[in-house]
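What the coordinates show
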Amino acid sequence: MKIRSAFIALSLMMMSAGCTNEAAEQKGASEQPPSNPAKVVDTSPVTLKFAVHLPINDEFKQLYIEPVTKKYPNITLELISANSFKQYDQFIAAGELPDLYISFNGNMPGLKDRGINMDMKTLFQNNKVDLSRFGQNYLDDIQYSATEKGELYGLPLEAGFHALYYNKEIFDKFGVPYPKDGMTMEDALVLAKKVTRLDNGVQYRGWDLGSIVRMGQPLGLEYIDHKTEKAITSSEGWKRVFELGKQIYSIPGNEPSKDANKNGVNGFAKDRTIAMLNQTNIFSQLKQAEQEGLKWDVVQHPFYKDVPNTYGNSTVYMVGAVPTTKHMDQVLQVMEVLTSDEVQMNVSKAGRISPLKSDAVQKVFGQNDPSLKNKNVNGIVKSKPVKYPIYLYREIAEPLTINKFDELLKGTKDVNVSLRELDEEINQAVQIEKK
């Protein structure tokens, strides 16, 4: 009996000690700081200088600025138009760099040279930014348009597109079926011949390309070799493009007009003598033209047979932080709002290509724009942009290429001769630039 009483007493003592130790452990655990404390962001009023390479109009403010102000009333965005490197040079000279910027992927090399952009991958990882929400092609365009190292300078906001616009009245006038989605370049050429006519003293042109360099983009053509830094425009690819362009403009009556107002967007929207036009997003110009009587529609951009459903370089507008900002937390908050599902849904509804993968976002493309209500806008997104090339000396090579094609149309030179001359001109210009 004594032994049993002693055992019970010992057990009670051990249980008591265990409870005491457990309580102590729990108390100690409660006093320890959490392993991953929530990040506290300063909510005091702050003004961020925001350099923007997009039209700063009412639509832009409604789409992008108002949602930021609504969610973060402490953040004021001071908008600054920045459409050229010259403006950034002025910011640098004045010591007044912006905190963040919107620019497009093709500008990343120039901004990198000026110390305006930065690789934000680590920041995105630390702040748990979900990059899988974005189309990989848009992220690639941002990463590889400036460097082969894959630096990610920001997040995509919206993207340009290429499409084929057509004047319904001209097709109706000549009893020719409208263009349709899924046409090859050769299909469009056949159609252009049918609507290039002189009627009652008015010359109607079947097809205006907008720019010969855009015709080379779906093939992913570059101007200069990365290893040798020598021109490669005498390649079979550029020969193919120049020959096609010459075929199109050699249709009797379809040559570019000497009057600039009869070419390109002006010729299509105002003069109304162009039946089909290759262009990027010109909805805003066409909205005004439609009010003045233009009857138009749009279809998928014609493609090369060997690269189906592919149009040219997609101008990817992106938002990024300037490394010198003292308000990185607030900059990231702004970026989070601009790329949110809510904002991007409205971007898509406004007729701008959203970079989000979301089917829901893509399906509402153009729905908020009354002028697009009866237009074939879904045809536009049947094609995808080509992977953006890493251009060398594009600002030198591209204007020379356009000029050389214009010379080809006006002269009697063979395409091969013209392209060899173009190689030489690009090489000379690059050497001058290097010096």
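All values derive from a computational prediction rather than experimental measurement.

1. Things to note about the side chain of Asn-107
Summarising the element assignment, Asn-107 is placed in the loop between β3 (100–104) and α4 (108–113). Judged by relative accessible area, which is 13%, Asn-107 ranks as buried.

2. Comments concerning the packing of aromatic side chains
Throughout the structure, instances matching the rule amount to 18 aromatic pairs. Consider the rings of Phe-161 and Phe-365, whose centres lie 6.3 Å apart with planes at 85°: the pair is edge-to-face. Pair noted here: Phe-161 is in the loop between β4 (155–159) and β5 (163–167) and Phe-365 is in the loop between α15 (359–363) and β12 (384–386), with a separation of 204 residues, a long-range link. A residue is classified by how much of its surface remains accessible, and Phe-161, at 0% relative accessible area, is buried. Ring centres of Tyr-223 and Trp-238 lie 5.4 Å apart, and the angle between their planes is 25°; this geometry places the pair in the stacked category. Here the residue Tyr-223 occupies a position in the loop between α9 (212–216) and α10 (236–249), and Trp-238 occupies one in helix α10, the gap between them amounting to 15 residues. On the basis of relative accessibility, which here comes to 2%, the residue Tyr-223 falls in the buried class. A relative accessible area of 1% places Trp-238 in the buried class. When the ring centre of Phe-134 is taken as origin, the NZ or CZ atom of Arg-133, which lies over that ring, is 5.4 Å away. Cation over ring: Lys-375 sits above Trp-296, and NZ or CZ is 4.8 Å from the ring centre.

3. Regarding the pattern of salt bridges
The full count for this structure, using the stated rule, is 19 salt bridges. The closest approach of N and O atoms between Arg-352 and Glu-59, which form a salt bridge, is 2.5 Å. With Arg-352 in the loop between α14 (341–349) and α15 and Glu-59 in helix α2 (residues 58–71), this pair connects stretches of sequence that are 293 residues apart. What makes Arg-352 buried here is its relative accessible area of 11%.

4. What about the pairing of strand β2 (residues 75–81)?
The sheet contact formed by strand β1 (residues 46–52) and β2 spans seven bridges and is parallel. Along β2, the bridge assignment pairs Val-52 with Ser-81. Handedness of the β-α-β unit built from β1, α2 and β2 comes out right-handed.

5. Overview of the confidence of the model for the protein
On average, the protein scores 90 in pLDDT, and the residues at 70 or more come to 90%. Confidence over residues 1–30 falls short of pLDDT 50; this stretch has zero contacts with residues more than four positions distant or in other chains.

6. Digging into the environment of Asn-368
Locating Asn-368 in the fold gives a position in the loop between α15 and β12. Residue class for Asn-368 comes out exposed when judged on its relative accessible area of 51%. Along the sequence, Asn-368 and Lys-349 sit 19 residues apart, while their C-alpha atoms lie 4.9 Å from each other. Other than its neighbours up to four places away in sequence, Asn-368 contacts Lys-349 and Ala-350.

7. Some words on the nonpolar core
In this structure, Tyr-101 and Tyr-165 are the most contacted members of the largest nonpolar core, which totals 75 residues. Here the element with the most residues in this core is helix α13 (residues 328–338); it accounts for seven residues. A domain split of this core shows at least three residues from each of domain 1 (46–159 + 314–357) and domain 2 (162–313 + 387–434). Counting 44 residues, the second largest nonpolar core, distinct from the first, contains Tyr-204, Ala-231, Tyr-304 and Val-415.

8. Details of unusual backbone geometry
The backbone phi angle of Lys-128 is positive, close to 55°, even though this residue is not glycine. Looking at the secondary structure, you find Lys-128 in the loop between α5 (121–126) and α6 (136–144). At Asn-200, a position not held by glycine, the phi torsion is positive, near 50°. Turning to its location among the elements, Asn-200 is positioned in the loop between β6 (197–199) and β7 (202–208).

9. Examining the packing of α10 against helix α16 (residues 394–410)
Taken N-terminus to C-terminus, the directions of α10 and α16 make an angle of 45°; their axes are 10 Å apart at the nearest point. Relative to α16, the element α10 is oriented oblique. As for how α10 packs across α16, the hand of that crossing is right-handed. Contact with α10, carried on its side by Trp-238, Phe-242, Gly-245, Lys-246 and Tyr-249, involves Thr-401, Lys-404, Phe-405, Leu-408 and Leu-409 of α16 and no other residues of that element. Residues belonging to the contact of α10 with α16 are distributed by class as follows: six nonpolar, two polar and two charged.

10. Quick look at the sheet that holds strand β8 (residues 274–279)
Strand order across the open sheet formed by five strands is β6-β7-β8-β5-β9, with mixed pairing between neighbours. In this open sheet, the two edge strands, each paired with only one partner strand, are β6 and β9 (296–300). Taking each pair of neighbouring strands and ignoring which way they run, the sheet shows an average axis angle of 25°. Of the strand pairs in this sheet, β7 and β8 are connected by three bridges, and their pairing is parallel. Looking across to β8, one finds that Arg-205 is bridged to Ile-274. Along the sheet, helix α8 (residues 185–194) contacts β6, β7 and β8; its crossing angle with β7, the most-contacted strand, is approximately 175°. Sitting on the sheet, helix α11 (residues 264–271) is in contact with β5, β7, β8 and β9, with an inclination near 140° to β8.

Rules behind the numbers
- Residues numbered from 1 in each chain as written.
- Predicted model: local features only at pLDDT ≥ 70, side-chain atom pairs only at ≥ 80, totals over all residues.
- Heavy atoms only, no water.
- Helix = DSSP H or I, 4+ residues; strand = E, 2+ residues; numbered from the N terminus.
- Buried < 20%, exposed > 50% of the residue type's maximum accessible area, 1.4 Å probe, protein only.
- Phe/Tyr/Trp six-rings, centres within 6.5 Å; stacked < 30°, edge-to-face > 60°.
- Lys NZ or Arg CZ within 6 Å of the ring centre and 35° of its normal.
- Salt bridge = Lys/Arg side-chain N within 4 Å of Asp/Glu carboxyl O.
- Pairing = 2+ DSSP bridges.
- Right-handed = clockwise from strand over helix to strand, strands pointing away.
- pLDDT = per-residue confidence, 0-100.
- Contact = heavy atoms within 4.5 Å.
- Core = buried A, V, L, I, M, F, W, Y, C linked by side-chain atoms within 4.5 Å.
- Domains from an automatic or database assignment.
- Axes fitted to C-alpha atoms, helices over the stretch in contact; angles between N-to-C directions.
- Parallel < 35°, antiparallel > 145°, perpendicular 65-115°, else oblique.
- Left-handed = near helix turned anticlockwise from the far one by under 90°.
- Nonpolar A, V, L, I, M, F, W, Y, C, P; charged D, E, K, R; others polar.

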